[in-house]
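Coordinate analysis (summary)
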Amino acid sequence: MITFLSGGTGTPKLLQGARHVLSDSDISVIVNTGEDIWYQGGHISPDVDTVMYLFAGLLNTETWWGVRGDSFVTHEIISRLLPDSFMAIGDQDRAVHIIRGEWLKQGMTLTTVTRRLCTHFGVSATILPMADTPWTTYVQTAKGKIHFQEYWVRYRGNTEISAVMHVPTEEQPATPDVIHAIRMADAVIIGPSNPVTSILPILSCTGVREELARKNVIAISPFIGDRPVSGPAAQLMKTMGYQADSSGVRALYGDLVDLFIQDIRDTVAIAGAIQLDTLMNSPKIASDLMREILTRVL
Ligand code: GDP
């Protein structure tokens, strides 16, 4: 079994390729929940949703969130009454958020809720939220301390940030299923996700680093040169005091990583790293990358 650590864009692209190389039942994905948010009566777990929809064959792979071809009737009605609706949620996607919220309110864990949803959607990969208790990412801005979703979706990242913080401040325990998925893995792949908002929250769950230390861990950089392929990773890396490039990502992961992969276009020199085509503009590039990785680790 191969276990991935994932956010909601870069690693899901790699997972799309992995599905051509591995069977879904041999894939486990530990997913960031640091961006989760209660919104308009539902509970959004954006990275879990993206990974789940990917394996269910429903994902909108133009945006890497939401359900392909979804309608937005509910959003249009709500927006007229609540002009502050800063996230456009599709109708089918919203149904999932409402059900998740209901089940959480009934006392189910996020792990159980995710398993039930995955069963409903016929997903045979194992999709695991990193924790069953919240550890939510906030950023300090001139507008105050705001949820990461507000920073990225409402303000489109167009506001300076001076700190990244988490609520609650105490790190949360990884779930027993997460620990098991690392223990059982032949290799663990940290996909090319945002190191600060997607991977660090998973690494911060108590127990994860200790388990990873015993495993063959491969990490793929989400940076090419001094820019991430997409998203706010550069600003976040700088805020955390790291270089906004692959060397910063390498430093952030430290000695947890046994093999570091950077893009062939990357000019940053990193000792021991290998360079492959990581720019996954098509599922074919993603599956070729996945095949290359597996030949080096299995
Ligand atoms: P989020 O939860 O939506 O922020 O998604 P992730 O954290 O999973 O992914 C965001 C990161 O994916 C960004 O830092 C991007 O640079 C990276 N990314 C997106 N597409 C690619 C790609 O094709 N190749 C690489 N190497 N990184 C990518």
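Just above, that's the structure.
Heads up: these notes are all about the structure in this document. Computed from a predicted model, the values in this text were never measured in an experiment.

Glancing now at the pattern of salt bridges. As a working rule, side chains carrying opposite charge can pair if their charged atoms are close by. This structure, assessed with the given rule, holds 13 salt bridges. The partner of R183 in a salt bridge is E211, with the nearest N and O atoms 2.8 Å apart. With a gap of 28 residues between them, R183 in helix α7 (residues 176-183) and E211 in helix α9 (residues 208-212) connect regions that are remote in the sequence. Judged by relative accessible area, which is 49%, R183 ranks as partly exposed. On the accessibility criterion, E211 (7% relative accessible area) is buried. Within the structure, one salt-bridge network assembled from shared partners comprises D84, E150 and R154.

Glancing now at the site of the ligand. Within the structure, the ligand sits among 21 residues, and S193, N194, S198, V229 and T278 are positioned closest to it. A distance of 2.7 Å separates an oxygen atom of the ligand from a polar backbone atom of N194. At 3.3 Å, a backbone N or O of S230 approaches an oxygen atom of the ligand. In the complex, 93% of the free accessible area of the ligand, which totals 590 Å², lies under the protein chains. The element contributing the most residues to the shell around the ligand is helix α1 (residues 10-18), with three residues.

Another point: the sheet that holds strand β13 (residues 259-263). Pairing in this open sheet of seven strands is parallel, and the strands run β5-β2-β1-β9-β10-β13-β14 from one edge to the other. Unpaired on one side and paired on the other, β5 (126-129) and β14 (274-276) mark the two borders of the sheet. Each strand of the sheet is rotated relative to its neighbour by a mean of 25°, with strand direction disregarded. Judged from the four bridges that link them, strand β1 (residues 2-6) and strand β9 (residues 187-190) form a sheet pairing that is parallel. Residue L5 lies in a different strand from β9, and its bridge partner there is I190. Its contacts with the sheet put helix α2 (residues 46-56) on β1, β2 (27-31) and β5, and the angle it makes with β2 is roughly 160°. Packed on one face of the sheet, helix α12 (residues 283-297) meets β1, β9, β10 (217-220), β13 and β14 and runs near 155° to β14.

With that settled, consider the packing of aromatic side chains. Counting across every chain of the model gives four aromatic pairs. On the numbers, 5.5 Å between centres and 75° between planes, the contact of Y39 with F86 is edge-to-face. Residue Y39 is located in strand β3 (residues 37-39), and its partner F86 is located in the loop between α3 (73-81) and α4 (91-105); the two are separated by 47 residues in the primary sequence. Judged by its relative accessible area of 10%, Y39 is buried. Look at F86 and you get buried, because its relative accessible area is 18%. Ring plane angle 85° and centroid distance 6.2 Å describe the contact between Y53 and F121, whose orientation is recorded as edge-to-face.

Analysis parameters
- Residues numbered from 1 in each chain as written.
- Predicted model: local features only at pLDDT ≥ 70, side-chain atom pairs only at ≥ 80, totals over all residues.
- Heavy atoms only, no water.
- Salt bridge = Lys/Arg side-chain N within 4 Å of Asp/Glu carboxyl O.
- Helix = DSSP H or I, 4+ residues; strand = E, 2+ residues; numbered from the N terminus.
- Buried < 20%, exposed > 50% of the residue type's maximum accessible area, 1.4 Å probe, protein only.
- Near = heavy atom within 4 Å.
- Polar contact = N/O pair within 3.5 Å; in protein donor to acceptor, adjacent residues only side chain to side chain.
- Areas by Shrake-Rupley, 256 points an atom, 1.4 Å probe, with all protein chains shown as cover.
- Pairing = 2+ DSSP bridges.
- Axes fitted to C-alpha atoms, helices over the stretch in contact; angles between N-to-C directions.
- Contact = heavy atoms within 4.5 Å.
- Phe/Tyr/Trp six-rings, centres within 6.5 Å; stacked < 30°, edge-to-face > 60°.

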